[in-house]
Amino acid sequence: MIRKFTVFLLLMSSAICLAQMYKPLDTADYAQRKEFAKNYSANNEVLIKDLKTKYSGKAGSELSKIYKELGKDFENQVKNKDFTFNSIFDVKVKILIERLRKNNPQIPQNLKILIAKNNTPNAYCFADGTFVINMGLFNWLNNDDQLASVISHELGHKITQHTLKAFLSMINQDQMDKLVVQDIKSTKINRNQRAFDVLKNRIYQKGAKNRKQEMEADSLGYVVFKNSDFKKTEFINALKRLEDFDTISPRQLKVETYKKFFNLPKQEFKDKWLAKEDFSLYNYDHFNEKLNKDSLKSHPEVTRRINNLKKIFPELKIEVADEKASESYAVLEKIARMETLPNFYHSEEYGLGIYTSLQFLQDGEEEQYYKSWLGKCFVKIYEARKNYNLNRYLDRVDPKNQSESYQQFLNFMWNLSLDEIKTIADYYQNKES
């Protein structure tokens with residue numbers, strides 16, 4: 001009862017904050033990050049020792065190297081403040097996992113929750129039991145049950161040790177490929193093509209195995225999910241939401257939006273800023289892909305995943321509309337949405353930050369808040385342009401792989417002069433203060 005009351009107070013205080021000018025989540029958590037990194041490092045060392053005991057020879061040695069590198073990379077992410085600690089999101093995830101664990105004793109007890117400052121709807125679990133949930137999941141999914149379904153899927157990977165199996169398969173494939181490469185070196189005929197075929201087959205096999213593991217995690221994850229008190233149809237609905245994320249085109253930025261927010265007192269809007277780069281002379285039909293895109297995919301199409309689940313579990317054939325979000329989930333969804341810009345800024349994706357701010361402003365959302373982020377991101381773009389490293393923070397136009405709206409935005413950004421960028425940055429920075 002006390003725990004529920006605490007959660008209620010947290011949610012109420014968050015709702016009050018959202019009614020005012022939103023303030024990004026506090027990341028002043030040095031002590032917590034240091035303690036977590038220390039414990040993670042110790043646990044990873046124990047894991048590596050266990051693997052060396054279990055897998056002798058080459059396999060044990062290679063596994064040790066892999067997990068050391070993974071551990072080092074993850075510790076750097078923790079030091080870089082890529083995660084929030086003890087946030088309101090943690091409370092929700094822990095409650096959902098406890099609900100899943102109630103009738104699923106196979107779920108590990110040592111799970112440690114981390115919320116990543118990442119806008120993509122994704123989650124993953126490390127071998128030591130560190131469970132990472134991207135903030136984007138709260139923004140994209142519609143309710144508790146859908147979030148629980150994604151957690152169940154990742155638990156499916158964890159329970160079946162998919163990551164470890166993938167590493168063992170990779171190590172074994174390495175050994176076989178070395179023999180083939182030695183054979184290629186001993187001959188002079190078609191060396192380049194044969195070497196490329198080895199690489200291509202390696203990539204295709206990895207993609208096929210990953211896709212198979214995703215289907216297995218779906219099935220096992222659904223078993224975990226349906227053993228609990230969640231609504232079964234939300235497992236399918238969550239997959240549909242993730243499919244929407246993969247296929248939806250970005251909202252179009254209207255020309256009027258550019259003119260509204262960049263026609264400034266000290267700098268009138270110039271139509272030439274919207275001039276597009278001419279790619280008409282480049283014929284993409286003459287470009288032949290060396291690798292098949294479908295074979296490169298690590299995840300099967302969502303439609304295929306849904307159909308596979310319906311085939312194995314007939315009760316999922318009945319489609320039902322998404323459940324309405326609980327009040328507690330709605331608050332978290334709003335916070336995750338408001339954290340979109342702080343997350344882009346943290347990951348130094350300043351171009352995407354400006355593009356997304358303009359989309360929110362176009363929709364009339366939290367004008368003061370998103371104008372302030374326009375200023376912050378334009379300051380960084382100005383610094384990058386001045387230091388000749390703008391490519392690091394702003395994409396180049398790629399007609400083959402970008403929406404027309406995003407191409408138009410990139411043309412606009414690259415057409416601005418250094419002084420024009422500074423005028424925009426100064427205007428919105430001053431507006432913030």
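Residues numbered from 1 in each chain as written. Predicted model: local features only at pLDDT ≥ 70, side-chain atom pairs only at ≥ 80, totals over all residues. Heavy atoms only, no water.

**Q** Can you lay out the overall build of the protein for me, pointing to particular residues and giving the numbers?
**A** A tally of helices and strands in the protein yields 18 helices and 4 strands. Looking at the protein as a whole, 44% of its 433 residues qualify as buried. Intrachain contacts of the protein at a sequence separation of at least 6 include 74% that bridge at least 24 residues. Approximately 23900 Å² of the protein is accessible, and the part contributed by carbon and sulfur atoms is 52%. (Helix = DSSP H or I, 4+ residues; strand = E, 2+ residues; numbered from the N terminus. Buried < 20%, exposed > 50% of the residue type's maximum accessible area, 1.4 Å probe, protein only. Contact = heavy atoms within 4.5 Å. Areas by Shrake-Rupley, 256 points an atom, 1.4 Å probe, with all protein chains shown as cover.)

**Q** Go over the side chain of E234 with me, naming the residues and quoting the values.
**A** Tracing the backbone shows E234 in helix 9 (residues 233-247). K231 provides the closest opposite charge to the buried, salt-bridge-free E234, at an N-O distance of 5.4 Å. There is a polar contact of 2.8 Å between the side chain of E234 and the side chain of Q146. Leaving out residues up to four positions away in the same chain, E234 has contacts with N143, D145, Q146, S149, F225, A321, D322 and E323. (Lys, Arg positive; Asp, Glu negative; His and termini not counted. Salt bridge = Lys/Arg side-chain N within 4 Å of Asp/Glu carboxyl O. Polar contact = N/O pair within 3.5 Å; in protein donor to acceptor, adjacent residues only side chain to side chain.)

**Q** Break down the pattern of salt bridges for me, citing the residues and quoting the values.
**A** Two side chains that carry opposite charge are able to pair once their charged atoms sit near each other. Counted by the stated rule, this structure contains 22 salt bridges. With a shortest N-O distance of 3.3 Å, R392 and E348 are connected by a salt bridge. A residue pair is termed long-range when its members are at least 10 positions apart, and R392 in the loop between helix 16 (367-386) and helix 17 (404-415) and E348 in the loop between helix 14 (340-346) and helix 15 (350-362) qualify at 44 residues. Owing to a relative accessible area of 57%, R392 belongs among the exposed residues under this scheme. Between K422 and D426 there is a salt bridge, and its shortest N-O distance comes to 2.9 Å. Residue K422 and its partner D426 are located together in helix 18 (residues 418-432), separated by 4 residues, close to a single helical turn.

**Q** Before we move on, could you go through the pairing of strand 4 (residues 130-134) and cite the residues and values that matter?
**A** A regular strand carries its side chains on alternate faces of the sheet. Taken across its 5 residues, strand 4 has 5 buried, putting it largely inside the fold. Residues of strand 4 alternate between two faces, with T130, V132 and N134 on one and F131 and I133 on the opposite face, all of them buried. Pairing of strand 2 (residues 112-116) with strand 4 involves 5 bridges; the strand directions are parallel. In the strand pairing of strand 4, L114 is matched with V132. Here strand 3 (residues 123-125) pairs with strand 4 via 3 bridges, running antiparallel. What sits directly across from C125, in strand 4, is F131. Taking the residues that link successive antiparallel strands as the turn, the strand 3-strand 4 hairpin has 4 residues, and the phi of G129 there is positive, at about 100°. (Pairing = 2+ DSSP bridges.)

**Q** I'd love a proper account of the nonpolar core, names of residues and values included.
**A** One finds I133, F138, I151, F378 and F409 to be the most contacted residues of the largest nonpolar core, which totals 83 residues. The greatest single-element share of this core, amounting to 9 residues, is contributed by helix 16. Counting residues in hydrophobic clusters, the runner-up holds 11 residues, among them F36, A37, F74 and F85. (Core = buried A, V, L, I, M, F, W, Y, C linked by side-chain atoms within 4.5 Å.)

**Q** Tell me about the packing of helix 4 (residues 88-101) against helix 6 (residues 144-159), residues and numbers included.
**A** At a minimum axis separation of 10 Å, helix 4 and helix 6 run at an interaxial angle of 70°. One finds that helix 4 runs roughly perpendicular with respect to helix 6. As for how helix 4 packs across helix 6, the hand of that crossing is right-handed. Every residue of helix 6 that contacts helix 4 at K92, V93, L96, I97 and L100 is listed here: D144, L147, A148, I151, S152 and L155. Counted by class, the contact of helix 4 with helix 6 contains 8 nonpolar, 1 polar and 2 charged residues. (Axes fitted to C-alpha atoms, helices over the stretch in contact; angles between N-to-C directions. Parallel < 35°, antiparallel > 145°, perpendicular 65-115°, else oblique. Left-handed = near helix turned anticlockwise from the far one by under 90°. Nonpolar A, V, L, I, M, F, W, Y, C, P; charged D, E, K, R; others polar.)

**Q** So what's going on with unusual backbone geometry? Which residues, and what values?
**A** Phi at Q161 takes a positive value of approximately 55°, unusual for a residue other than glycine. By the secondary structure assignment, Q161 is in the loop between helix 6 and helix 7 (162-185). A relative accessible area of 42% means that Q161 is categorised as partly exposed. Notably, E348 is not glycine yet its phi reads approximately 65°, a positive angle.

**Q** Just give me the short version of the sheet that holds strand 1 (residues 83-84), but keep the residues and values in it.
**A** With mixed pairing, 4 strands are arranged side by side in an open sheet as 1-2-4-3. Edge positions in the sheet fall to strand 1 and strand 3, since each of these pairs with one other strand and no more.

**Q** Please set out the packing of helix 10 (residues 255-262) against helix 15 residue by residue, giving values where relevant.
**A** Two elements in contact, helix 10 and helix 15, have axes separated by 10 Å at closest approach and are oriented at 100°. Relative to helix 15, the element helix 10 is oriented roughly perpendicular. In this structure, helix 10 contributes T257, F261 and F262 to the contact, and helix 15 contributes L358, L361 and Q362. Grouping the constituent residues of the contact of helix 10 with helix 15 by class yields 4 nonpolar, 2 polar and no charged.

**Q** With reference to specific residues and values, describe the pairing of strand 2.
**A** Among the 5 residues that make up strand 2, 4 are buried, leaving the element largely enclosed by the rest of the structure. In the sheet, strand 1 pairs with strand 2 via 2 bridges, with the strands oriented antiparallel. Residue pairing across strands places T84 opposite I115, the latter belonging to strand 2.

**Q** I'd like to hear about the packing of aromatic side chains, residue by residue, with values.
**A** Tallying each qualifying case throughout the model produces 32 aromatic pairs. With a centroid separation of 5.4 Å and 55° between ring planes, the pair formed by F74 and F83 is classed as tilted. Each member of the pair, F74 together with F83, is buried. Grouping aromatic residues by their ring pairs yields a cluster made of Y22, Y345, Y350, F360, Y369, Y370, W373 and Y393. Here K376 stacks its cationic end above the ring of W373, 4.5 Å away from the centre of that ring. (Phe/Tyr/Trp six-rings, centres within 6.5 Å; stacked < 30°, edge-to-face > 60°. Lys NZ or Arg CZ within 6 Å of the ring centre and 35° of its normal.)

Geometric descriptors of this kind do not, in isolation, establish any biological role.
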